[in-house]
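Listed below are the residues making up each chain.
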Amino acid sequence: MTVESFAPMPLAAPAAPIARNRPLRRVLASPLTMIGLVLVAFHLSLALFAPLIAPYSISAILTDGLTPPSAQHWLGTDQIGRDYLSRLMSGGRVALLVALAGVSGSVLIGTFLGLLAGYVGGWLDDAIMRLTDALMAIPELLLIAILVLTFGKEIGSLSLIVAIVYTPGVVRVVRAKTIMIASLDFVRAAELRGERLGFVLMREIAPNLLGLLAVEFAIRVSSAILKISALSFLGLGISQPTPDWGLMVQEAMSVVFTDPWFLILPAITLSSLIIGINFAVDGLARAYGVTGTETDL
Amino acid sequence: MSAHVKINGLTITYRDDAGEETAAVRDATIELARGETLGIVGESGSGKSTLARSLLAHTRAGARFATGSVHLGDTDVLALEGRDLRRFRGGRAAMVPQNPMSSLTPHMTIGAQLEELVRLQTDLTGRAVHAHALSLMERTGLPDPELLARRYPHEISGGQRQRAVIAAALIGKPELIVLDEPTTALDKTVEARVLQLVADVQKDLGATLVYVSHDLNVIRALCSRIVVMKDGVIIEQGDAERIFNAPGNAYTRSLIHAIPRIDVEGPLPPAAASPIQLEVRNLGFSYHRPSGFPFRKAPATRPTLDDISLSLRKGETLGLVGESGSGKSTVASLIAGAVSGHEGRIILDGEVVSGAARKRSRDMRRRIQMVFQDPLSALNPAHTVEEILVRPLRLHFGLSPAAAREKAATALQEMELGPEFLSRRPRQLSGGQQQRVGFARALAAEPDLLICDEVTSALDVTIQANMLSLFLKVQRERAMTCIFISHDLAVIARVSHRIAVLEKGQLREIGNRDSVLHTPSNAYTRRLLAAAGTHLRGGEDETASLRIPQSLSA
């Protein structure tokens, strides 16, 4: 604290320019956010490079069956005799890919519909919102089961299913924020100078949604990964021989009393990814002042 | 004799975003004798509310009392804790905050909230509690207390809510009452009555009063002593009359000079015999409430605007004045084309202007421009000033990006902003600068008609005064036709050639500036003028300690 900082300012002094790096400094000051970011970075690089750095192929059968950890196989081998460490390292790849692709789709479609519903209003708003209400009224797992039976279990189909299931939530959030922004006078100014609908939505309103969308995207990716793992566990998602943490937990159920690490290890890796995303998003959202997202998934 | 209220060397600090400790109030010392009325005045961010709240040992989250002391009588206020502090607040010292809506809980009736406080602050029980609450409501001039006690906060008017909060403050018969901008959200005529109530109450209780406001007129009407704050520092304090008549500090002088007054000189008259540019005939409008059913409209409610006719000559400014809900902004929205579906006709230069902006011709959209009330809301926070100015220019004139950029810089210059502002974003500008950008955007379109909707009401007084001078200069230079909308008669008096008074959607009076201000023909206009504090001719109230006309206290 210095005395100079309280010297009377000249009249109509310009507002101090807002320091651009202030939010970033706040992020770096928060240990939870840093833990989150490190975990996310770790998992992303693992997903990208697992096939290159894994000691063995994920499908090679190397032993007669279940073996405990050893010098050759640090985490042992699974029931079929495949290297468990290699499979664990690759276990998040498909779920992450499906979640990223599906949630990207849902954010794109949801933003488009949410902007239209929130800004245009009237019957279009009614139609879009009743449609999302209808989708949200179906119990989620039941909806997913129906969609899986309809579209199948390939990566593309699963991504489409994720996109369908997550779109209504995005629509609601974007619509609410759009209604708020549409009431501001800069939107009025754009209308008064005769801007087209597309310009008002994409150039005037959408840029103000970016922070919200970034948080929405990350939060829903974390939720989607959990959901895909649950599906795989139930046999509705990713299937053999693709390694997947949800599937690995399910396979380990039969040996849980004799070899519990087969269950605990994929559970820990899955949790660390989810926790990482959530911590990172929480910190970033707070630092950049994004509020009003549906963090209660 | 020892002082009743004594603030000694008080510094209040808070941690800013970067985690550094900054002082909101620095080394403040104030002494007040019992029954004195103190006005704390300053512009936004001056620390006036923070200082006032310290009298109840209250700070906002993250702030703390760094050094100094606050005493009420012999009590060390900042040392109070727990139960003692709770009894002190609302008992010996009471607070009336700015927004009565947020200080009343929405789920309880007014009566129930008052009774709860009566039980807390007095020894009354049973039926006596209810009776006491009703007597307080009567005391604060709430009509029909029995009925109003059963109402919820959202069911009564803003003035009534503020009276209810003042009633709550009186329960403990406080010896110190702190009021933090209690009338800022109220209309002028309502404000005058609430101020009268505050003055009466203070006299009754013999309490010491601390009144925080950015409005020097209010402070002058109510207070015998004044503290002027700027950037957390008390830069001047003393007897009210002395400060108003002979301010000892340059900043105080500029504050007093900037007070909007009705008895200012109006603008220079426009060129004689200029043609009529805008004509509004029998303008009417009703809002449709949503019916609750999709695809169906509910029947219209009471008309928002009813049979408004007015005309404007080229180069003339029409001041449109009225209180909230008078329909003045609706007039602006209809003429600008932000709202469609009106009755009657709007004619600009002999051409009928119709419907929403998108139905109008490109040229017509350019010819009518609007400046909005809240400059932050009017500028897209995601865009730079350059983007904000260039886009309309390209649309209106079909300019190339380079030409539009050049024209944008010229427009900024007319508003006395340098070209370096082109790369800034709205949030990096002060309120006054934001509003200048708003004006630059409208003026760059070279409009025939400029509509200004409450353009100065979000600004501090000194900035407001600058803004008005700039407006007058530009209006004169361009011989621009303007509709200037405001709730503030002093602002209207400064800029208008003619004045129209709106109440409840109806045109009460329209005429030349001087005739409306000096010889109003309508009773409502007279009430507005009286509530604006100072009569044009001055005189009759000047000697009274409280310059609020008695006709308003009913």
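Calculation notes
Residues numbered from 1 in each chain as written. Chains lettered and ligands numbered in written order. Predicted model: local features only at pLDDT ≥ 70, side-chain atom pairs only at ≥ 80, totals over all residues. Heavy atoms only, no water. Helix = DSSP H or I, 4+ residues; strand = E, 2+ residues; numbered from the N terminus. Buried < 20%, exposed > 50% of the residue type's maximum accessible area, 1.4 Å probe, protein only. Contact = heavy atoms within 4.5 Å. Polar contact = N/O pair within 3.5 Å; in protein donor to acceptor, adjacent residues only side chain to side chain. Core = buried A, V, L, I, M, F, W, Y, C linked by side-chain atoms within 4.5 Å. Domains from an automatic or database assignment. Buried area = accessible area lost by both parts, 1.4 Å probe. Salt bridge = Lys/Arg side-chain N within 4 Å of Asp/Glu carboxyl O. Nonpolar A, V, L, I, M, F, W, Y, C, P; charged D, E, K, R; others polar. Pairing = 2+ DSSP bridges. Phe/Tyr/Trp six-rings, centres within 6.5 Å; stacked < 30°, edge-to-face > 60°. Axes fitted to C-alpha atoms, helices over the stretch in contact; angles between N-to-C directions. pLDDT = per-residue confidence, 0-100.

A. Broad picture of the overall build of chain A. When helices and strands are counted, chain A shows 12 helices and 0 strands. Ordered by position in the sequence, the α and β elements of chain A form the string α-α-α-α-α-α-α-α-α-α-α-α. Burial analysis of chain A (297 residues in total) assigns 46% to the buried set. Excluding contacts between residues fewer than 6 apart, the proportion of contacts in chain A whose partners are at least 24 apart in sequence is 70%.

B. The side chain of Glu175(B), seen in detail. Tracing the backbone through its elements, the reader meets Glu175(B) in the loop between α7 (158–170) and β7 (176–180). For Glu175(B), the side chain forms a polar contact with the side chain of His4(B), separated by 2.9 Å.

C. Expanded view of helix α12 (residues 328–336) of chain B. Residue and element names in this part refer to chain B. Burial of α12 is extensive: 8 of the 9 residues sit out of reach of the surface. Of the positions making up α12, those classed as buried are Lys 328, Thr 330, Val 331, Ala 332, Ser 333, Leu 334, Ile 335 and Ala 336. In the segment just after α12, Gly 337 is the residue with positive phi, at about 95 degrees.

D. Fine view of the nonpolar core. Membership of the largest hydrophobic core comes to 69 residues, with the highest contact counts inside it found for Ile205(A) and Ile225(A). Look past the residues within four positions of Ile205(A) in its chain and what remains in contact with it is Leu115(A), Tyr119(A), Thr178(A), Ile181(A), Val187(A) and Val200(A).

E. Local environment of the domain arrangement of chain B. All names here are of chain B. Per the domain assignment, the segments of chain B are domain 1 (5–101 + 175–258) and domain 2 (276–541). Just the C-alpha atoms count here: the centres of domain 1 and domain 2 sit 35 Å apart. Opposite the 9 residues of domain 1 that make contact, domain 2 presents 11 residues. Taken together, the two surfaces of domain 1 and domain 2 that pack against each other cover about 1100 Å², and 53% of this comes from carbon and sulfur. The tally of links from domain 1 across to domain 2 stands at 0 salt bridges. Mapped by element, the contributors of at least two residues to the side of domain 1 that touches domain 2 are α8 (188–205) and α11 (250–258). Per-class residue counts for the side of domain 1 that touches domain 2 are 3 nonpolar, 3 polar and 3 charged.

F. Region of interest: the pairing of strand β1 (residues 5–15) of chain B. Residues and elements named next belong to chain B. Pairing of β1 with strand β2 (residues 21–32) involves 8 bridges; the strand directions are antiparallel. Across the sheet, residue Leu 10 finds its bridge partner in β2, namely Ala 28. The sheet contact formed by β1 and strand β4 (residues 63–72) spans 8 bridges and is antiparallel. Among the inter-strand pairings, Lys 6 is bridged to a residue of β4, identified as His 71.

G. Region of interest: the packing of aromatic side chains. Residue and element names in this part refer to chain A. Per the counting criterion, the structure on display carries 4 aromatic pairs over all chains. Residues Tyr 84 and Phe 262 carry aromatic rings whose centres are separated by 4.5 Å and whose planes lie at 75 degrees to one another, so their mutual orientation is edge-to-face. Residue Tyr 84 is found in helix α3 (residues 84–90), and its partner Phe 262 is found in helix α12 (residues 261–287); the two are separated by 178 residues along the sequence. Given a relative accessible area of 4%, Tyr 84 falls into the buried group. Here Phe 262 falls in the buried class, since its relative accessible area comes to 2%. An aromatic cluster of three or more residues is present, and its members are Tyr 84, Trp 261 and Phe 262.

H. Spatial organisation of unusual backbone geometry. All names here are of chain B. Its identity is not glycine, yet Glu 416 carries a phi of approximately 60 degrees, on the positive side. In this structure, Lys 504 takes a positive phi of about 45 degrees despite not being glycine. As for its placement among the helices and strands, Lys 504 is situated in the loop between β19 (498–503) and β20 (506–512). On the accessibility criterion, Lys 504 (54% relative accessible area) is exposed.

I. Here's a closer look at the sheet that holds β19(B). All names here are of chain B. The strand order β16-β17-β18-β13-β19-β20 describes an open sheet built from 6 strands, whose pairing is mixed. The two strands at the open ends of the sheet, each matched to only one other strand, are β16 (368–371) and β20. Recorded for the sheet is a direction-independent mean angle of 15 degrees between the axes of neighbouring strands. Bridging between strand β13 (residues 317–321) and strand β18 (residues 481–486) involves 5 bridges; their strand directions are parallel. Note that in β18 the partner of Leu 318 across the bridge is Ile 483. Together, β13, β16, β17 (449–453), β18 and β19 form the strand contacts of α12, whose direction differs from that of β17 by roughly 145 degrees.

J. Summary view of the pattern of salt bridges. For the structure on display, the rule yields 35 salt bridges over all chains. For the salt bridge of Glu503(B) with Arg508(B), the shortest nitrogen-to-oxygen distance reads 2.7 Å. What makes Glu503(B) buried here is its relative accessible area of 13%. The exposure class assigned to Arg508(B) is partly exposed, which follows from its relative accessible area of 28%. Within this structure, Asp126(A), Arg130(A), Asp133(A) and Arg172(A) form a network of salt bridges that share partners.

K. Geometry of the side chain of His73(A). All names here are of chain A. Among the secondary structure elements, His 73 is positioned in the loop between α2 (31–53) and α3. Taking relative accessible area as the criterion, His 73 reaches 8% and is therefore assigned buried. Apart from residues no more than four positions distant in its own chain, His 73 is found in contact with Tyr 56, Leu 62, Thr 63, Pro 68 and Asp 83.

L. Region of interest: the sheet that holds strand β11 (residues 276–285) of chain B. Residues and elements named next belong to chain B. As summarised here, the arrangement of the 4 strands in space is β12-β11-β14-β15, forming an open sheet in which the pairing is antiparallel. Edge positions in the open sheet fall to β12 (305–313) and β15 (351–353), since each of these has one partner strand only. Ignoring strand direction, the axes of neighbouring strands in this sheet form an average angle of 20 degrees. Direction of pairing for β11 relative to β12: antiparallel, over a ladder of 6 bridges. Across the sheet, Val 280 pairs through a bridge with Leu 310, a residue of β12. Here α12 sits on the sheet in contact with β11, β12 and β14 (343–348), set at roughly 115 degrees to β11.

M. Focus on the pairing of β20(B). All names here are of chain B. Where β19 and β20 come together, 6 bridges link them in antiparallel fashion. Paired with Glu 503 across the bridge in β20 is Gln 506. What sits between β19 and β20 in their antiparallel hairpin is a turn of 2 residues, with Lys 504 showing a positive phi close to 45 degrees.

N. Structural detail: the confidence of the model for chain A. Residue and element names in this part refer to chain A. Confidence in the prediction of chain A, expressed as mean pLDDT, is 84, and 89% of residues score 70 or more. The element-level mean pLDDT for chain A is lowest in helix α1 (residues 22–29), coming to 71, with helix α4 (residues 93–120) highest at 95. In the model, residues 1–20 has pLDDT below 50 throughout and makes 20 contacts with residues more than four positions away in sequence or in other chains. Note on residues 292–297: pLDDT is under 50 here. Beyond four places in sequence and across chains, it has 15 contacts.

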